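Working through the structure, step by step
This is what each chain is made of:
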Amino acid sequence: MSSPQLRRADRVMSGQRAWEMLERGFSGRLATTSEDGSPYCIPLLYILMDGEVYVHTGSARGHFRANVEREPRVCFELDEPDEVFDYGRFECDSGLAYRSVILFGKIRIIEDKAAKQRFCEALMTKYGKPDTGRPKGFFPRIDIITVYAISVERMTGKEMALPALSEQWPAKDRTKTPNARP
């Protein structure tokens, strides 16, 4: 898979930081391609397990499942917004501190019940309430969900740190608006 250059090389996140963000992120968006070539994107909770991204859906065969069965190449994205900050005199001279990761890979359906059990346990470890008094490790609907694993073939991360107050307007004027007058 070819790797296009990031336009903002000054915002490239290290590979290690991208993996760390992927591990701790809350939710992501998974994009597939429809039969007619149009994109289809859905938000999903996910876990990182054995170096792959795992997600799940209901077992009904809908648009997403049809796309996956026809074309295994997918794109997965997650982001974490931080704060909006001002860098210049005008409202449009604003920025957003953020972190984002985009990965490309191939998706496959996990049929093995033991792997599905491990996925469910990891999902509950990440998203469940640790102090619940309910039974753990029992997933009565395990046979009516579909679990998917995405191999990570290529991943990029970008980030824009929140500038120190001394680098924000009005302490420092970095107005970018053309022909701007105070």
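Preceding this section is the structure that the text describes.
Here goes a summary of the coordinates provided.

Moving on: the nonpolar core. Core analysis: the biggest nonpolar cluster contains 20 residues, and L30, V53, V55, F76, I107 and I150 have the highest contact counts within it. Of all the secondary structure elements, the ones that give two or more residues to this core are helix 1 (15-24), strand 2 (39-45), strand 4 (52-58), helix 2 (63-70), strand 5 (73-86), strand 6 (94-110) and strand 7 (145-160). Contact partners of L30, with chain neighbours within four places excluded, come to Y40, C41, I42, L44, V55, F64, V74, C75, F76, I107 and I150. One finds I47, M49, I110 and V147 within the second-largest nonpolar core, a separate group that totals 13 residues.

Before going further, it helps to spend a moment on the pairing of strand 5. Here 3 bridges tie strand 1 (residues 27-33) to strand 5, and the two strands are oriented antiparallel to one another. Bridge assignment links R29 to a residue of strand 5, and that residue is E77. In this sheet, strand 6 lies alongside strand 5 in antiparallel orientation, the contact comprising 12 bridges. Bridging from a neighbouring strand, E80 pairs with R99 of strand 6.

A few words now on the environment of A31. Summarising the element assignment, A31 is placed in strand 1. Relative accessible area serves as the criterion here: at 25%, A31 is assigned to the partly exposed category. The contact partners of A31, leaving out residues within four places of it in the chain, are Y40, C41, V74 and C75.

Moving on, we come to unusual backbone geometry. Put simply, W169 and P170 share a cis peptide bond, and its omega is 10°. Mapped onto the secondary structure, P170 falls in the segment after strand 7. Positive phi is not limited to glycine here, since D50 has a value of about 55°. By the secondary structure assignment, D50 is in the loop between strand 3 (47-49) and strand 4. Exposure remark for D50: the relative accessible area of 57% places this residue in the exposed category.

Before going further, it helps to examine the side chain of E80. By the secondary structure assignment, E80 is in strand 5. In this structure the side chain of E80 is engaged in a polar contact, spanning 3.2 Å, whose partner is the side chain of R24. Beyond its immediate sequence surroundings of up to four residues, E80 is in contact with M21, R24, G25, Y98 and R99.

What counts as what
- Residues numbered from 1 in each chain as written.
- Predicted model: local features only at pLDDT ≥ 70, side-chain atom pairs only at ≥ 80, totals over all residues.
- Heavy atoms only, no water.
- Core = buried A, V, L, I, M, F, W, Y, C linked by side-chain atoms within 4.5 Å.
- Buried < 20%, exposed > 50% of the residue type's maximum accessible area, 1.4 Å probe, protein only.
- Helix = DSSP H or I, 4+ residues; strand = E, 2+ residues; numbered from the N terminus.
- Contact = heavy atoms within 4.5 Å.
- Pairing = 2+ DSSP bridges.
- Polar contact = N/O pair within 3.5 Å; in protein donor to acceptor, adjacent residues only side chain to side chain.

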